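# An overview of the molecular structure
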Amino acid sequence: MRSVGFLSERQRQLAWVGFLLAAFQAPLAAKLVEDASWFFAVVVAMLVATVIIADDAHRRRPEPVEYSE
């Protein structure tokens, strides 16, 4: 059984949706918009990706074992 991360399953799904939306929106906005406001979508996508990676690392951490003597 996997250990639980700090995100619930619903939050994790929403994080993936948010990451994908921001990642696909950035290049599209870069083509359509003259200024560099599309860069904000890149920063948001990187931030959400960092949270997802941190949750993965937390989930893969081994469960603490209590030794009884």
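See above for the structure.
A brief look at the structure comes next.

Rules of the game
- Residues numbered from 1 in each chain as written.
- Predicted model: local features only at pLDDT ≥ 70, side-chain atom pairs only at ≥ 80, totals over all residues.
- Heavy atoms only, no water.
- Helix = DSSP H or I, 4+ residues; strand = E, 2+ residues; numbered from the N terminus.
- Buried < 20%, exposed > 50% of the residue type's maximum accessible area, 1.4 Å probe, protein only.
- Contact = heavy atoms within 4.5 Å.
- Expected span 1.5 Å × (residues − 1).
- Arc of directions from axis to C-beta.

### Describing the side chain of Asp 55
Tracing the backbone through its elements, the reader meets Asp 55 in helix H2 (residues 39–60). Taking the relative accessible area as the measure of exposure, Asp 55 reaches 0% and is therefore buried. Those residues in contact with Asp 55 that lie beyond four places of it in its chain are Gly 5, Phe 6, Leu 7 and Arg 12.

### Focus on the environment of Ala 23
In this fold, Ala 23 is placed in helix H1 (residues 9–32). Given a relative accessible area of 32%, Ala 23 falls into the partly exposed group. Taking the C-alpha atoms as reference, Ala 23 lies 8.6 Å from Met 46; in sequence the two are 23 residues apart.

### Some remarks on H2
Taking 1.5 Å per residue, 22 residues should reach 32 Å; H2 reaches 32 Å between its end C-alpha atoms and fits that length. Along H2, the positions that sit buried rather than exposed are Ala 41, Ala 45, Ile 52, Asp 55, Asp 56 and Arg 59. Taken end-on, H2 shows its buried residues confined to a sector of 105°, consistent with a single buried face. Exposed and oriented more than 90 degrees from the buried face of H2 are Phe 40, Met 46, Leu 47, Thr 50 and Ile 53. Against H1 lie the buried residues of H2.

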